[in-house]
Amino acid sequence: MAEEVKKRTTYRSRKELKPRLYIGDPMVAVFRTLVRTTINRPNTILYPWEKLIMPDCFRGRPGIRLEKCIECKKCVKICPNQCIQMVPIDHPTLGKVNRPQVYVARCMMCGYCAEVCPTNAMMVTPEFELAAYTRSDLMFDPFKLQYEHKPGYEVHSPMITPSELKAGKTESHDKGDMAIKDTVELDPKKCISCQRCAKTCPVGAITMADTGEVNPKTNKPVKRPVFDNNKCVSCEQCVEVCPKSCLSMKEAM
Amino acid sequence: MTEMWMNMGPQHPMTHGLWNLRVKVDGEKITEAQPVIGYLHRGWEKMVEARDFQQIIPMADRLCYGSSMTWSHLYCRTIEELMDVEVPERAQWIRVIVCEMQRIASHLMWLAAVGTDLGSYTIFLYCMRERELFLDQLMNLTGARMTYNYPRIGGVRNDLPENFERDTLRVLNLFEKRLKTEYEALCDKTVSYRMRMENTGYLSKADAMNLGVTGPNMRGSGVDFDIRRDDPYEKYDEVDFEVCVEQEGDSYARYRVRMREMQESCNIIRQAFKKMRPGPVRVKAPRNAPKKTAFAHVEDPRGEGLMYVVGDGTNQPYRLKVRSPIFVSVSAAPVMLIGEKVADVPAIMGSIDMCLGETDR
Ligand code: SF4
Ligand code: SF4
Ligand code: SF4
């Protein structure tokens, strides 16, 4: 083994090199570069005047399309640096709504907020020049965060479920596809028909349906939430708001 | 008084990052050396305990910006081991490709740093120029220049973009040509480079093994070991490559190992492009980890990176331990430095490729 390894080494002693080589060759290499960069373009660019061409998927600061956002707060939950907050705004067409505000000084440009956004309202923009004189300039409120959308700015991450992979399927699903979406499950025994989940759901995927039973104590009909899984965006807000913890997320696996 | 202690660092041109090397000198000769680290400690391991598994991936990138892809890859592999997730084949090939590109970029950054240590600004500029080609390719693929956030638990984020293969092969052709002509002329054939690298910083085979030095530093001392070959992960068992070993154990041998490794990485990338087939690139990973422990190790550009994770049934790790290669390699500094001259310290410490981000964590 050792012999074999020894044979493979490419170490050449300095004594084997002729003086011509170790003075001439480096100079030739450098001189060639000089000639090449004089004739052709140099490798550098004149930055403030010229700019690099960024690929479409470049992850700069996050941007938002306010009318697309559905207030699901998925971006708030995923952000590893906790730099997104929902703030109330007064929009000329949308009225009084909550929209995300990003503290870009803390943002690490991971692009997760755009990756999880179910409606592609949040996107990554190619903006990277974010210097500011004060820290408060870097607090991007929803209006400042707005950015014009172009195809290619949204982040896709096609996925397949493990069971499909085992079955030999090769078709990937984009986000929001029913095959990979987590759905909400109800434990009807614990439910007290408080309707808080239906009020919280940002997309109106929950309706309270009559079960036909009547509560013997209050003489009112018992209602249970029914989930429209096609509308649901798996934001887990209903799970969080439930006072009796009767909801849970069922993972599509 | 004939001997005195000297502090090199934490702010010194010799240190690549924030660390301190205390050397005891007798005239020009070093009689004792003590590396002091901890200036860059960010509490990474504690920080990740408060985040869920997906959120930690971009944090793993920040362990070392020189080779962020390998660290987030290692993290994802550890969690896949913990959750028993099977990665699709195409994703494994893509991971091989991006990790090898990252290895080349990291080695080039190392050579650039050594170039400045030796006072050769030309080497620095040439290496940075070539590194840019690889960074551009990775940027087209992942959308960021250094902290890629590209591997995911269960695969990678997106498939290769259009023309990625064509552009990468062009970059490889250009890079291989320059590796054989310009780099050889600038380093191997330059007398000042050879004089400062050869016969300095000797680390014997026994010392390298006993101190736990890994990666190119160990292979430069004649130890024939590479995790990619001896404990293959992803698709490394299906590619054909050579483990680069040099016998001399000096700074120049460590340099040779890295140069040959870059050439091997080019070969691996070419083979990977030939062997990969279309298919899915990511499987859905479960949210919660089972109550067990897992570890994974990969061949980082600097040595063996290892992560050990304890899952407690929630969606956050109970404990995550990182074993970083340079944390161990830097303890070999006294062995390499004693008996050398002060002027050789930058070349020797540069040749082990310091990276403090992953050392102090
Ligand atoms: S890019 Fe990442 S860090 Fe920045 S706001 Fe979005 S999720 Fe948070
Ligand atoms: S994830 Fe998208 S839709 Fe949901 S709150 Fe954030 S920006 Fe709005
Ligand atoms: S049903 Fe629950 S998880 Fe689905 S969108 Fe409504 S609140 Fe979110």
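A quick note: this is a predicted structure, and the numbers were derived from the prediction, not measured.

1. Describing the overall build of chain B
Along chain B, the regular secondary structure elements total 15 helices and eight strands. Relative to the 2.2 N^0.38 estimate, which gives 21 Å for 361 residues, the radius of gyration of chain B is 20 Å and therefore close to what a compact globule would have. Dimensions of chain B along its principal axes, counting C-alpha atoms only, are 65 × 45 × 35 Å. The 361 residues of chain B split such that 64% are buried. Residue pairs at least 24 apart in sequence account for 71% of intrachain contacts in chain B once pairs closer than 6 positions are excluded. Total accessible area computed for chain B in this model is approximately 12,300 Å², and 52% of it derives from carbon and sulfur atoms. Positive and negative side-chain charges in chain B, numbering 48 and 51 respectively, have mean positions lying 4 Å apart.

2. Some details on a nonpolar patch on the surface
Taken together, the side chains of Phe31(A), Leu34(A), Val35(A) and Ile39(A) make up a nonpolar region of the molecular surface, amounting to roughly 410 Å² of accessible area. Judged by its relative accessible area of 66%, Ile39(A) falls in the exposed class.

3. Examining the nonpolar core
Side chains that are nonpolar tend, in soluble globular proteins, to be buried together. All names here are of chain B. Of all hydrophobic cores here, the largest spans 93 residues; its most connected members are Trp44, Tyr75, Leu111, Phe134, Tyr193, Tyr255 and Met307. Here this core gets 15 residues from one element, more than from any other, and that element is helix H4 (residues 89–117). Apart from residues lying up to four places away in sequence, phenylalanine 134 is in contact with Met101, Ile104, Ala105, Leu108, Val171, Leu172 and Phe175.

4. What about the confidence of the model for chain B?
A residue-level look at chain B finds 100% of positions with pLDDT of 70 or above and a mean pLDDT of 87. Across the interfaces of the predicted complex, the ipTM metric reaches 0.83, alongside a pTM of 0.89.

5. Overview of the interface of chain B and chain A
Each partner contributes residues to the interface: chain B has 57 residues there, and chain A has 53 residues. Between chain B and chain A, roughly 4,800 Å² of surface is buried when both sides are summed, and carbon and sulfur atoms account for 52% of that area. Of all residues in chain B, the largest losses of buried area upon contact with chain A belong to Lys189(B), Lys284(B) and Arg287(B), amounting jointly to 17% of the total for that side. For the pair chain B and chain A, the number of links is six salt bridges. Seen at the junction of chain B and chain A, the total is 22 residue pairs in polar contact (both at pLDDT 80 or more). Elements with a minimum of two residues in the side of chain B that touches chain A: helix H2 (56–61), helix H5 (121–142), helix H6 (164–188), helix H7 (191–197) and helix H11 (251–275) of chain B.

6. Some words on the sheet that holds strand E6 (residues 293–300) of chain B
Residues and elements named next belong to chain B. With antiparallel pairing, the three strands of this open sheet are ordered in space as E6-E7-E8. In this open sheet, the two strands that pair with only one neighbour each are E6 and strand E8 (317–323). Each strand axis lies, on average, 15° off the axis of its neighbour in the sheet, ignoring direction. One ladder, built from six bridges, connects strand E7 (residues 303–311) with E8; its direction is antiparallel.

7. Brief notes about the site of ligand 3
Inspection of the region around ligand 3 gives Val184(A), Cys201(A), Pro202(A), Val203(A), Ile206(A), Cys232(A), Val233(A), Ser234(A), Cys235(A), Glu236(A) and Cys238(A) as its neighbouring residues. Taken together, the residues of the shell around ligand 3 break down into nine nonpolar, one polar and one charged.

8. Here we look at the sheet that holds strand E2 (residues 84–91) of chain A
Pairing is antiparallel across the open sheet formed by three strands, whose spatial order is E2-E3-E5 (chain A). In this open sheet, the two strands that pair with only one neighbour each are E2 and strand E5 (139–140) of chain A.

9. Observations regarding the packing of H6(B) against H11(B)
Residue and element names in this part refer to chain B. It is at 10 Å that the axes of H6 and H11 come closest, and there the two elements cross at 160°. Overall, the two elements H6 and H11 adopt an arrangement that is roughly antiparallel. The chirality of how H6 crosses H11 is left-handed. Classifying every residue of the contact of H6 with H11 by side-chain character gives 14 nonpolar, four polar and six charged.

10. A short note on the packing of H4(B) against H6(B)
If you want to describe how two helices pack, look at the angle between their axes and the distance between the axes. Residues and elements named next belong to chain B. One can describe the packing of H4 onto H6 by two numbers: an axis separation of 13 Å at closest approach and a directional angle of 30°. Of the two possible hands of crossing, H4 and H6 adopt the one that is left-handed. Across the interface between the two elements, Ile97, Met101, Ile104, Leu108 and Leu111 of H4 pack against Phe164, Thr168, Phe175 and Tyr183 of H6. Across the contact of H4 with H6, the residue classes break down as eight nonpolar, one polar and no charged.

Rules of the game
- Residues numbered from 1 in each chain as written.
- Chains lettered and ligands numbered in written order.
- Predicted model: local features only at pLDDT ≥ 70, side-chain atom pairs only at ≥ 80, totals over all residues.
- Heavy atoms only, no water.
- Helix = DSSP H or I, 4+ residues; strand = E, 2+ residues; numbered from the N terminus.
- Rg over C-alpha atoms; globule rule 2.2 N^0.38 Å.
- Buried < 20%, exposed > 50% of the residue type's maximum accessible area, 1.4 Å probe, protein only.
- Contact = heavy atoms within 4.5 Å.
- Areas by Shrake-Rupley, 256 points an atom, 1.4 Å probe, with all protein chains shown as cover.
- Lys, Arg positive; Asp, Glu negative; His and termini not counted.
- Charge placed at Lys NZ, Arg CZ, Asp CG, Glu CD.
- Patch = residues over 30% accessible without salt bridge, like charges linked within 9 Å, V, L, I, M, F, W, Y side chains within 5 Å.
- Salt bridge = Lys/Arg side-chain N within 4 Å of Asp/Glu carboxyl O.
- Core = buried A, V, L, I, M, F, W, Y, C linked by side-chain atoms within 4.5 Å.
- pLDDT = per-residue confidence, 0-100.
- Buried area = accessible area lost by both parts, 1.4 Å probe.
- Polar contact = N/O pair within 3.5 Å; in protein donor to acceptor, adjacent residues only side chain to side chain.
- Pairing = 2+ DSSP bridges.
- Axes fitted to C-alpha atoms, helices over the stretch in contact; angles between N-to-C directions.
- Near = heavy atom within 4 Å.
- Nonpolar A, V, L, I, M, F, W, Y, C, P; charged D, E, K, R; others polar.
- Parallel < 35°, antiparallel > 145°, perpendicular 65-115°, else oblique.
- Left-handed = near helix turned anticlockwise from the far one by under 90°.

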